[in-house]
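# Structure at a glance
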Amino acid sequence: MNRNTFKRYFSLRVLPIWTILLIDVIIIILSCLFAYALRYDFKTAFIDDSSILKTVVWAVTINLVFFRLFRTYSNVLRYSSFIDIMRIFASLTVSYGILMLASFLSNTLFSDQNLITNEHIGSISVLLIAYIINFAAMAFSRVFVKQLFDALHFDERHSANVFIYGAKEAGVNIAKSLRVNMRNHYRLCGFIADEPELINKTMMGVKIHANDEYLFDAIEQRNIKTIIVSPLKMEALKHSPLLDKFIDNNIKLMTAPPLSDWNSMMPQVVQLKKIQIEDLLQRESIRINMREIANMLEGKRVMITGAAGSIGSEIMRQVVSYNPYSLVLIDQAETPLHDVRLELQDKWRNIDAHTIIADVSNETRMDEVFKKFRPQYIFHAAAYKHVPMMEDNVSEAIQINVKGSRIMADLAVRYEAEKFVMVSTDKAVNPTNVMGCSKRLAEIYIQSLAKKIQKDQSSCVKFITTRFGNVLGSNGSVIPRFREQIENGGPVTVTHPDIIRYFMTIPEACSLVLEAGCLGNGGEIFIFDMGAPVKIVDLAKRMIGLSGRRDIKIKYTGLRHGEKLYEELLNNKELTKPTHHEKIMIATVREYNYDEVKQNIQNLIDLSYSYDSMKIVTAMKNIVPEFVSKNSMFEALDCPKEQKTSTL
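Overview of the structure. The residue count restarts for each chain, going from 1 along the sequence in the order it is written. In keeping with the predicted nature of the model, local features appear solely for residues at pLDDT of at least 70, side-chain atom pairs appear and are counted solely at 80 or more, and the whole-chain, interface and lining totals rest on all residues. In computing side-chain properties, one takes all heavy atoms of the structure into account and sets aside hydrogens as well as water.

### What to know about the overall build of the protein chain
A helix here means a DSSP run of H or I that spans at least four residues, while a strand means a run of E at least two residues long, and both kinds are numbered starting from the N terminus. The helix and strand tally for the protein chain stands at 21 helices and 22 strands. The buried label goes to any residue with under 20% of its type's maximum accessible area, the exposed label to any with over 50%, and the partly exposed label to all in between, with areas taken from a 1.4 Å probe on protein chains only. Here the protein chain, with 648 residues, has 51% of them falling under the buried criterion. Contacts are assigned to residue pairs with any non-hydrogen atoms lying within 4.5 Å of each other. Taking contacts inside the protein chain between residues at least 6 apart in sequence as the whole, the part at least 24 apart equals 78%.

Here it is as structure tokens:
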């Protein structure tokens, strides 16, 4: 019988319960027979057949009862664990305890009577030996089947030796999952620990290595190509030089879900995942005042535009946790909005949510929506955001980003909303492209409207604008693009070796949007602390390193239309004021006359329907004089001799 025959027998199919029970019964019988043989030194003259038979019958009968009660035979042998061994121990202890008690009472009560003692069950010494043999054999049978199954089904050709970084509870649970889930194709070869008391100890049969200068010698000796990072070690890894060493040594990094997500998981189903660049964003996590946000949103009618986009959909996910009265989700992208609708049905079925296909630049349609739902809180995230696309589609940038924002703001006043929060961008500061300028125009209109209604006391709606930079993993952003290029074998395209950007995760950005909505009294432009800027080429190199590949090249393609090397969160005449949240500041910016802004915006919108890009951009530059085009055909409209300064 060769390996393949064994493998077919010990297939992924589970042995039926009766088979396991039959094996256990055979073990009981053999244990009793062997106990008699040991007790009487294999001298058959001292062994009575009727006593043996009675002992075997009673041992099998009583053990079957307690096997049933303790369910010792219902587990899958290949996944046997310490709990299963303890069930066997408890069942056998009770069963043989009863048999020993029966033997003791039998010998005590009937020892003085003229009865044939060999009709009694075996002596206590025989039963004790049988108990020990029985437990050892049943435990060994589970371990043997488990090890045999693992050996037969572990594919050495496609397996990888791994270390686990983290030797405490989460790391141990990951190790257990590797042992029981052969589909992972990982062979545990050691742990890595920072704790001195654990170093050089042995756990689960492998050594715990120190995080020191000798670690990579051990990694090389054991041919380790993958490190699985405990979720408890992720924060330490972000700020550790160990991360770059792993990447430089072509080590693939993986992790598991946080320990809090394992409550309903057995170790064998814990799913490992590659560590993504989002997991390693080197910044402190942002804390928000959840109580104030809950007070603001609980029981309120909330509208979100651009609800199918990266920011809008995340705002929706965070808003639903604060128990709003109703949600109105607006987007013109049908399929992504349908996906949001399905997500709501799956996760938040009790929320009164309405998904509406609509264009925010369609005033008649939006007026009908406002009239029907009367939103109290509006998060306006609908916008065209891709810089090169808007350089080629100027009219659409004006009609959606400017006209759409104006319509939404005016309707918020008309239908007496409480707060209106607009999501803007760092590209609105000293804009160098059509998209950034269109967002700055929307800011100007909303800010001037806020000042007007405060002065006239004509409305109670509070307008708040939030500015932040790029968000990691948003639709169409650089990280999903790099990831796709790496999966396709490269090259990874970077526009310029010196280009830098600010980055924030989508949940962080949306949390701060909600927090700013609480802080705002009307008319403010809030900016977020985005941390240190990141060189895009360094981001690309790290993503390539995390993929574990060394054959991916980086290709420089040149700056795109309207793109600049760096973004600013404030233009150079703006000042900031602190808020009670250290990550949120208020920009003090130039104030505009509403009537003048309203007329200029209307003229610009009217001009946008001419679809004459040069005329439209000329009008934009007249309203926003610090708009100086970069790497664009609209550079011809800028005066080369006049140095323009920021006036916003």
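More follows now that the structure is in view.
### Looking at the environment of His581
Mapping His581 onto the fold places it in the loop between β21 (575-578) and β22 (584-588). The sequence separation of His581 and Asn289 amounts to 292 residues, and the corresponding C-alpha distance is 8.9 Å.

### As for the sheet that holds strand β4 (residues 206-210)
Pairing between the strands of a sheet comes from backbone hydrogen bonds, and it takes one of two forms, parallel or antiparallel. Spatially, the seven strands line up as an open sheet ordered β3-β4-β2-β1-β5-β6-β7, and their pairing is mixed. Since the sheet does not close on itself, it has two edges, and those belong to β3 (202-203) and β7 (273-274), each with one partner. In terms of strand pairing, strand β5 (residues 224-229) meets strand β6 (residues 252-255) through four bridges, oriented parallel. Within β6, the residue paired with Ile227 across the bridge is Leu253. When DSSP finds two or more bridges between a pair of strands, those strands are recorded as paired.

### Describing the nonpolar core
For this analysis, a nonpolar core means a set of buried residues of the types Ala, Val, Leu, Ile, Met, Phe, Trp, Tyr and Cys, connected via side-chain atoms within 4.5 Å. Judged by nonpolar contacts, the single largest core of 54 residues is most densely connected at Phe420, Val434, Leu441, Phe463 and Met620. For this core, the elements supplying multiple residues, two or more each, are β9 (326-331), α13 (363-373), α14 (387-392), α15 (394-414), β12 (419-423), α16 (434-456), α20 (594-608) and α21 (613-623). When residues in this core are grouped by element, the largest group, eleven residues, is from α16. In this structure, Met620 is in contact with Val394, Ile398, Val434, Cys437, Ser438, Leu441, Leu604 and Phe627, ignoring residues within four places of it in sequence. Membership of the second largest hydrophobic core comes to 44 residues, among which are Phe379, Tyr502, Ile506 and Val513.

### Description of the pairing of strand β13 (residues 462-467)
Each regular strand carries side chains that alternate between the two faces of the sheet. In terms of residue burial, β13 counts as a mostly covered element, since five of its six residues are buried. Direction of pairing for β12 relative to β13: parallel, over a ladder of five bridges. When the sheet's bridge partners are listed, Val423 is paired in β13 with Thr466. Crossovers are described as right-handed under a simple rule: with the strands pointing away from the observer, the path leading from the first strand over the helix to the second runs clockwise. Taken together, β12, α16 and β13 constitute a β-α-β crossover, and its handedness is right-handed.

### A short note on the environment of Gln447
Turning to its location among the elements, Gln447 is positioned in helix α16. Assessed through its relative accessible area of 7%, Gln447 is described here as buried. For Gln447 and Tyr594, which are 147 residues apart along the polypeptide, the C-alpha to C-alpha distance reads 8.6 Å. For Gln447, the residues in contact, after removing those within four places along its chain, are Arg440, Gly523, Ile525, Val589 and Arg590.

### Here's the deal with the packing of α20 against α21
Following both chains from N to C, one finds α20 and α21 inclined at 165°, their axes separated by 9 Å at the closest point. When the interaxial angle is binned, α20 and α21 end up roughly antiparallel. The handedness of the crossing between α20 and α21 is left-handed. For the pair α20 and α21, the contacting residues are Asn600, Leu604, Leu607 and Ser608 in the first and Lys615, Ile616, Ala619, Met620 and Ile623 in the second. The residue classification treats Ala, Val, Leu, Ile, Met, Phe, Trp, Tyr, Cys and Pro as nonpolar and Asp, Glu, Lys and Arg as charged. All others, Gly included, are polar. The residue inventory of the contact of α20 with α21, partitioned by class, reads six nonpolar, two polar and one charged. An axis is simply a line fitted to the C-alpha atoms; with a helix, the fit covers only the stretch in contact. Between two such axes, the angle follows the N-to-C directions and lies from 0 to 180 degrees. When an angle is under 35 degrees it counts as roughly parallel; over 145 it counts as roughly antiparallel; between 65 and 115 it counts as roughly perpendicular; any other value is oblique. Helix crossings get a hand from a simple test, with the near helix turned counterclockwise from the far one by less than a right angle marking a left-handed crossing and a clockwise turn marking a right-handed one.

### Remarks on the side chain of Thr305
Within the fold, Thr305 resides in strand β8 (residues 301-305). Residue Thr305 is classed as buried on the basis of its relative accessible area of 0%. We define a polar contact as two N or O atoms separated by no more than 3.5 Å, with the added condition that, inside protein, one atom must be a possible hydrogen donor and the other a possible acceptor, whereas residues neighbouring each other in sequence contribute only through side-chain atom pairs. For Thr305, the side chain forms a polar contact with the main-chain nitrogen of Ala382, separated by 3.2 Å. Not counting residues up to four positions away in its chain, the partners in contact with Thr305 are Ile330, Val360, Phe379, His380, Ala381, Ala382 and Met408.

### Overview of the packing of aromatic side chains
Only rings of Phe, Tyr and Trp enter the pairing, Trp through its six-membered ring, and a pair is recorded when the two centres are within 6.5 Å. The plane angle decides the type: under 30 degrees is stacked, over 60 is edge-to-face, the rest tilted. Evaluation of the coordinates by the stated rule reveals eight aromatic pairs. Seen from their ring centres, Phe216 and Phe246 are 5.7 Å apart, and the 55° between their planes marks the pair as tilted. One end of the pair, Phe216, is in helix α7 (residues 215-221); the other, Phe246, is in helix α9 (residues 241-248), with 30 residues separating them in the sequence. Here the aromatic rings of Phe420 and Phe463 are separated by 5.3 Å at their centres, their planes lie at 50°, and the arrangement is tilted. In this pair, Phe420 is assigned in strand β12 and Phe463 in strand β13, connecting sequence segments 43 residues apart. A ring is considered to have a charge above it if a Lys NZ or an Arg CZ atom is located within 6 Å of its centre and within 35 degrees of its normal. Here Arg39 stacks its cationic end above the ring of Tyr40, 5.0 Å away from the centre of that ring. The side chain of Lys621 reaches across the aromatic face of Phe627, ending 3.9 Å from its centre.

In short, geometric facts, not functional conclusions.
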